[in-house]
Amino acid sequence: MKKDIHPNYRPVVFWDLSSDYKFLTRSCVNTKESIVWEDGQEYPVYKVEVSSQSHPFYTGKNVLLDTAGRVDKFNKRYGKK
């Protein structure tokens, strides 16, 4: 195996800033910050804006469109008179 060609695959804490949710996983992402995790060890931290804890699709807070109202509005505007 060649040396110095493989990425630095290590444990990294991903921190969702919008919901203050943190999870530990392995990644090759480069970070400059670190954080002390629940087990007392220090890990690099990568801050993200959206995760499964804050994304509308996974939280069930996605916006439902009023399709019936939109169809009626279209027919009213452009439908046959």
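You'll find the structure just up there.
What you see is a predicted model; the values in this text were computed from it and never measured.

Draft legend 1. Inspection of the overall build of the chain at higher detail. A tally of helices and strands in the chain yields two helices and four strands. When each of the 81 residues of the chain is scored for burial, the buried share is 17%. Excluding contacts between residues fewer than 6 apart, the proportion of contacts in the chain whose partners are at least 24 apart in sequence is 34%. In the form shown here, the chain has an accessible surface area of approximately 7200 Å², with 52% of it arising from carbon and sulfur atoms.

Draft legend 2. How the structure looks around the packing of aromatic side chains. Inspection of every chain in the model, using the stated rule, returns four aromatic pairs. Aromatic side chains Y21 and F23 sit 5.7 Å apart centroid to centroid with 35° between the ring planes, which places their arrangement in the tilted category. Residue classification places F23 among the partly exposed residues on the basis of a relative accessible area of 29%. Ring plane angle 50° and centroid distance 5.3 Å describe the contact between F74 and Y78, whose orientation is recorded as tilted. One end of the pair is F74 and the other is Y78, both in helix α2 (residues 67-78) and four residues apart, which spans about a single turn. On the basis of relative accessibility, which here comes to 57%, the residue Y78 falls in the exposed class. Through pairs of rings, three or more aromatic residues link up here, namely F14, Y21, F23 and Y46. In this structure, K22 is placed above the aromatic ring of W15, and the distance from its NZ or CZ to the ring centre is 4.5 Å.

Rules used throughout
Residues numbered from 1 in each chain as written. Predicted model: local features only at pLDDT ≥ 70, side-chain atom pairs only at ≥ 80, totals over all residues. Heavy atoms only, no water. Helix = DSSP H or I, 4+ residues; strand = E, 2+ residues; numbered from the N terminus. Buried < 20%, exposed > 50% of the residue type's maximum accessible area, 1.4 Å probe, protein only. Contact = heavy atoms within 4.5 Å. Areas by Shrake-Rupley, 256 points an atom, 1.4 Å probe, with all protein chains shown as cover. Phe/Tyr/Trp six-rings, centres within 6.5 Å; stacked < 30°, edge-to-face > 60°. Lys NZ or Arg CZ within 6 Å of the ring centre and 35° of its normal.

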